[in-house]
Amino acid sequence: MADVVFSRALLAAFGFCIVAALPADANPPDTQTPAPTPFAAMTPASAPSPQASGLSAPPAPSPSGEAVPVKAANDALVQRGYYLMRAADCMSCHTNPKGGTPFAGGLKMDTPFGPIYTPNITPDKATGIGAYSDDDFWRVIHEGIRKDGAYLYPVMPFPWYTNMTRQDAMAIKAYLFSLKPVHAEDKPPGFPFPFNIRESLLTWRTLFFKEGKPPQSAPKDGIARGEYLVEALGHCGECHNRHKLLGNSIWDGKFQGGDIEGWYAPNITSDGRQGVGAWSVDQIARFLKAGIAPHSGVALGPMAETIDYSLRYLKDDDLKAMAEYIKSIKPKETYANSAGGLSKPGAPGEDLYQAHCASCHGLKGEGVRGHVPALAHNGAVQAGEPEDVIRVVLGGLTPKKGLGPMPAIGADLPDSDIARIVDYVRNNFGNAAPAATKPSRIAELRAKTHTPMLAEKSADCDAPQTSQVKALVADGEIDKLAKGDPVDLLPRIDALTTKLAPTNPLQVDAYVADLTGAYCKALFTAAPVAEPARADKLGRFAALAYSRMDSKLGQ
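If you're wondering where the values come from, they're calculated on a predicted model, not measured in any experiment. (Residues numbered from 1 in each chain as written. Predicted model: local features only at pLDDT ≥ 70, side-chain atom pairs only at ≥ 80, totals over all residues. Heavy atoms only, no water.)

### A few points about the overall build of the protein chain
What the protein chain contains, in helices and strands, is 21 helices and six strands. Sorting the 555 residues of the protein chain into buried and exposed places 57% on the buried side. By element, 54% of the accessible surface of the protein chain is carried by carbon and sulfur atoms, the whole surface being about 22,400 Å². (Helix = DSSP H or I, 4+ residues; strand = E, 2+ residues; numbered from the N terminus. Buried < 20%, exposed > 50% of the residue type's maximum accessible area, 1.4 Å probe, protein only. Areas by Shrake-Rupley, 256 points an atom, 1.4 Å probe, with all protein chains shown as cover.)

### Section: the side chain of Thr449
Relative to the helices and strands, Thr449 resides in the loop between α16 (439–448) and α17 (467–474). In this structure the side chain of Thr449 is engaged in a polar contact, spanning 2.6 Å, whose partner is the backbone oxygen of Leu445. What Thr449 contacts, discounting residues up to four positions off in sequence, is Arg391, Leu394, Gly395, Leu454 and Glu456. (Polar contact = N/O pair within 3.5 Å; in protein donor to acceptor, adjacent residues only side chain to side chain. Contact = heavy atoms within 4.5 Å.)

### A look at the packing of aromatic side chains
Inspection of the entire model under this criterion finds seven aromatic pairs. With a centroid separation of 5.3 Å and an interplanar angle of 50°, the aromatic rings of Tyr353 and Phe429 are classed as tilted. Here Tyr353, found in helix α12 (residues 350–356), pairs with Phe429, found in the loop between α15 (415–425) and α16; they are 76 residues apart in sequence, far enough to count as distant. Looking at Tyr353, the relative accessible area reads 0%, which means it is buried. On the basis of an interplanar angle of 10° and a centroid distance of 4.1 Å, the ring pair of Tyr519 and Phe541 is categorised as stacked. (Phe/Tyr/Trp six-rings, centres within 6.5 Å; stacked < 30°, edge-to-face > 60°.)

### Examining the nonpolar core
Formed by 60 residues in total, the largest nonpolar core has its most connected members in Phe103, Leu176 and Leu233. It is helix α1 (residues 76–88) that contributes the most residues to this core, seven residues altogether. Ignoring sequence-local partners within four residues, the contact set of Leu176 consists of Phe103, Ile121, Pro123, Ile129 and Phe137. In this structure, Ile260, Val298, Tyr353 and Ile390 belong to the second largest nonpolar core, which totals 31 residues. (Core = buried A, V, L, I, M, F, W, Y, C linked by side-chain atoms within 4.5 Å.)

### Let's talk about the packing of helix α9 (residues 281–290) against helix α11 (residues 316–328)
Any two packed helices are characterised by the angle at which their axes cross and by the distance between the axes. At a minimum axis separation of 8 Å, α9 and α11 run at an interaxial angle of 125°. The angle between α9 and α11 falls in the class oblique. Like other packed secondary-structure pairs, α9 and α11 cross with a definite hand, here right-handed. Judged by residue contacts, Val281, Ile284, Ala285, Leu288 and Lys289 of α9 engage Asp316, Leu319, Lys320, Met322, Ala323, Glu324, Ile326 and Lys327 from α11. Its residues assigned to classes, the contact of α9 with α11 shows eight nonpolar, no polar and five charged. (Axes fitted to C-alpha atoms, helices over the stretch in contact; angles between N-to-C directions. Parallel < 35°, antiparallel > 145°, perpendicular 65-115°, else oblique. Left-handed = near helix turned anticlockwise from the far one by under 90°. Nonpolar A, V, L, I, M, F, W, Y, C, P; charged D, E, K, R; others polar.)

Note that all results are geometric; they support no functional claim without further evidence.
Put into structure tokens, the structure is as follows:
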């Protein structure tokens, strides 16, 4: 059934979820934006609403197509299986984001050994799991062994799923078997010898896999419920544990942080500085539901995907139970605090920070409440590894949770300058983190960073989703911006944002993201612009649009 991963974010034989840090409670965007539940046709009627609590969750990204239940949505076992599927985050791994049908597989994951592709888990008998018996399915979940007896690669989180109850596994199977079968052939992994021989996994299993002994039925509430969700269904250690080459993340550095797809999943032990010890149970639950962290922070990277596809659908009681369990984990440091000589006046990187960052984030890293995240005492900034900071400097950020966009300032900076900025930010403003960022690491991440704020290709530009911005595009208003005199840019943006008239911060997010994507596309049809210059234009445009839009909020 499944050579898969949690949140599309595992490398073969590794495990690795992400946190950054930013705020904002607001109403959802206007009703013209995509519905919060993207697969309405596949969702049982009683599935939990993303707005079930007082927390506003962002609309989840939606692969094309829909997975449609064949059985009635009032089938209790199917409904329960849908909920558990969300908790186990099956959809994000088994759906090709480039036009794939949900659960039909085809997601490509690059690993140190070559690419691997997730399989079809619709009930198609020829290419999916339609021929799997209950025992076959249970063996996949509990033992990591396919119907044909072959071992699964440990990109499938069976080392965690092995702790799932058989009842819950059968409910997930019932949901998957309620879907419309899709004929989609699986693609074999592109692994060289000897990694392409599944029998060689016996050594790995002998060393690192321990079959679970789940209870007859899952715990219903309290810390025990939270432990079950975190350690079995949610398999959070797959991301947040440290990892070694052979993938023994079950035992190595539990919840002390790990690398994932060029991002860093931070320490989530109860350590007061490097972990979440300073967060309350309610703050942790809020983050799991909506991706909003204390001190002006939001989820980034794979963790944002995990929230969008999985955690935002869970009941508040379950999220609270998870938070209580996470708070109970003994504090462990990821690294010894040492800022070296980087926290003194005139330290390397100070001049670069003041030139490129201080105008928004402040001379003391204080940010602007409700608009620009603070860097001071920011958990993501001072995580065990610098990947999160590097990726944001390189690729920027579109508006998120009511906060403004960040230009891709690293597009036109040499790797050595970015290294100095990153080390300076991670060791000033009360932060203290390992300071050994190598320009070579930045070069590696630069090659992997492709964002709408960089727009290296026309295909990187986000298509507008709101009807209001679509109308502006159709009228040629955005093309005029790209082709016009730069001197006219601000008054033109002011006129456009006046027409849009946002009424809440998340509407500002939606409109600015749409305007930026449309402007991005228009830049490719206007006079050719070099990539760094295009990133600079996009950054300036997004900042101006956000500023003018925010100033009109509620008018």
